[in-house]
Amino acid sequence: MTAETLEPRPLPALRRDDRGLPFIGQVLEYAKDPVGLYRRHWERYGPVAPFRTLNKTAAMLLGPDACGEALQNKDKAFANEPAWAQLVGPFFHRGLMLIDFDEHRGHRRIMQEAFTRPRLEAYTRRLHPAIEQGMASWEADKEFPAYWRLKQLTLDIAADLFMGGAHDTGQAEMDRVNRAFIACVQAAAGIVRAKVPFTRWGRAYRGRAVLGSFLRHYLPAKRAHQTDDIFSVLCHIETDDGDRFTDDDVINHMVFLMMAAHDTSTITTTTMLQYLGQHPVWQERCRAEALAIGPAPSITELEGMVSLDLVMREALRLRAPVPVLVRHTVKDTAVQGVRIPADTGVALGIQFTHLMAEHWTDPEVFDPDRFAPQRREDRSHRFAWVPFGGGVHKCIGMNFAGLEVKAITHRLLRDYHWAVAPGYAPPMDNHSLPFPKDGLPITLTRN
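Residues numbered from 1 in each chain as written. Predicted model: local features only at pLDDT ≥ 70, side-chain atom pairs only at ≥ 80, totals over all residues. Heavy atoms only, no water.

The name that an unreviewed UniProt entry assigns to the protein is Cytochrome P450, with the source organism given as Actinophytocola glycyrrhizae.

If you want it as structure tokens, here you go:
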């Protein structure tokens, strides 16, 4: 082994044509075509590439080997909080994704009690009436933007499962809460990152105030009486050692969990509707499963919907709800033989990994059977398919999210059928979490 292989080489310098615009760097290039930017950097720089954003050079990690090193974080060089804080920190302050190391382990240990199998079974029982009520006003045989309708539905579901119904809250107030969540999420694309009126961050600060006030209104009642909604569970869960959440902890975790639950589930369900509409054979396979198990399936029955599970996994691969994860180095480290200095922003290109021909057959093609037992292309590499992240920060609510998405799609399959033009490709807004700018127009026809 030579001295050269022992000494990590430095992060490569950006080429002149990769520097992007003054100050904002390559942010607009990413928003226009993130996968195209990933591919160009992979070809030019390899698994560790420079990325210019907001007058700083970050490290872009590409491919499962590089992303896997950061996710495993064996030398504890990568932290979440300073990275996400630059994007959405003031608005999801001290949510589980924005705390690190020992503190994160302690909070996650408590919160894990909210996602045990018995609690998931209780949440699943509440899902079906919430979905039925949320879809009651949906009109058949009339085109509507599926993404926005699903976003309202998942927020209504969150209000029931997370809040216990919030029965004294009218629709106007829930619309206000939804707008507040949108403002907080869209803050990630803000250029002016301060409390300045008429900017993304200015709107997000107002949105966070709305969310905090909304949740604190219910906090005393949730502390006083334990029920099976997640808000109440967070107020009462306790580890064997007696560790519990403070009031501020409960509010901060609720804001983050409600955002994560309804935004990512909306994106995944919208993607599934698109591809099921474009692939009627798969739609019929999934409908047959839905009709075989009745209108209010148990957690076991939802887990047994094999075809629907394959479709969901493929949708998560083709359009990861969180296509890039961010980290920040708290000390010098190396990834794939490339030195990354302390105090460097790091972007993990999860979506690029999901589309690499080295790990997936015809990666741009909708092919749910790639996840079937006889193929299992997701096992081509431990980190080939990571829509929920990995390591200690792997999404704590991933099982609940899967149950919610399946329950919504199960109801749609039982009640409706739909078609989407085979050549349709939604125009995507990639400034923050990806969503179709046109809302994915769709027409549902009753079965």
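That covers the picture; the talk isn't over yet.
Caption draft 1: Inspection of the sheet that holds strand 3 (residues 56-61) at higher detail. If you walk across this open sheet you meet the 5 strands as 2-3-9-6-4, and the pairing is mixed. In the strand order of this sheet, the two ends are held by strand 2 (48-53) and strand 4 (78-79), each with one partner. In the sheet, strand 6 (residues 325-329) pairs with strand 9 (residues 345-348) via 4 bridges, with the strands oriented antiparallel. Paired with Arg 327 across the bridge in strand 9 is Val 346. Set on the sheet, helix 5 (residues 81-88) makes contact with strand 3, strand 4 and strand 6; between it and strand 6 the angle comes to about 125 degrees. (Pairing = 2+ DSSP bridges. Helix = DSSP H or I, 4+ residues; strand = E, 2+ residues; numbered from the N terminus. Contact = heavy atoms within 4.5 Å. Axes fitted to C-alpha atoms, helices over the stretch in contact; angles between N-to-C directions.)

Caption draft 2: Spatial organisation of the environment of Arg 119. In this structure, Arg 119 sits in helix 7 (residues 117-135). For Arg 119, a relative accessible area of 25% translates into the label partly exposed. Between the C-alpha atoms of Arg 119 and Asp 228, which are 109 residues apart in sequence, the distance is 7.7 Å. (Buried < 20%, exposed > 50% of the residue type's maximum accessible area, 1.4 Å probe, protein only.)

Caption draft 3: Structural detail: empty space enclosed by the protein. Here the structure, examined in full by the defined rule, presents 1 cavity of 30 Å³ or more. In this structure, the largest cavity encloses a volume near 30 Å³. Taken together, Tyr 147, Ile 267, Thr 270, Thr 271, Arg 319, Met 428, Pro 434, Phe 435 and Pro 436 form the lining of the largest cavity. Taken together, the elements giving at least two residues each to the lining of the largest cavity come down to helix 12 (247-278) and strand 12 (435-436). Ranked by residues supplied to the lining of the largest cavity, first place goes to helix 12 with 3 residues. Across the lining of the largest cavity, the residue classes break down as 6 nonpolar, 2 polar and 1 charged. (1 Å grid on protein atoms, 1.4 Å probe; cavity = no way out; pocket = protein on both sides within 12 Å on 5 of 7 lines; lining within 4 Å. Points joined across faces, edges and corners; volume = space filled by probe spheres on them. Nonpolar A, V, L, I, M, F, W, Y, C, P; charged D, E, K, R; others polar.)

Caption draft 4: Fine view of the sheet that holds strand 7 (residues 333-335). Strand order in this open sheet of 3 strands is 1-8-7, and the pairing throughout is mixed. Every interior strand has two partners, whereas the edge strands, strand 1 (9-10) and strand 7, have only one. Judged from the 3 bridges that link them, strand 7 and strand 8 (residues 338-340) form a sheet pairing that is antiparallel. Each bridged residue has a counterpart across the sheet, and for Ala 334 the counterpart in strand 8 is Arg 339.

Caption draft 5: Representation of the nonpolar core. Counting residues in hydrophobic clusters, the biggest one holds 128 residues, and the most contacted among them are Leu 61, Phe 92, Phe 162, Phe 231, Leu 234 and Trp 418. By residue number, the principal contributor to this core is helix 12, which donates 14 residues. When neighbours within four sequence positions are excluded, Leu 234 is seen to be in contact with Met 111, Ala 114, Phe 245, Val 250, His 253, Met 254 and Leu 257. Grouped together as the second largest cluster of nonpolar side chains are 13 residues, Tyr 30, Tyr 38, Met 60 and Val 324 included. (Core = buried A, V, L, I, M, F, W, Y, C linked by side-chain atoms within 4.5 Å.)

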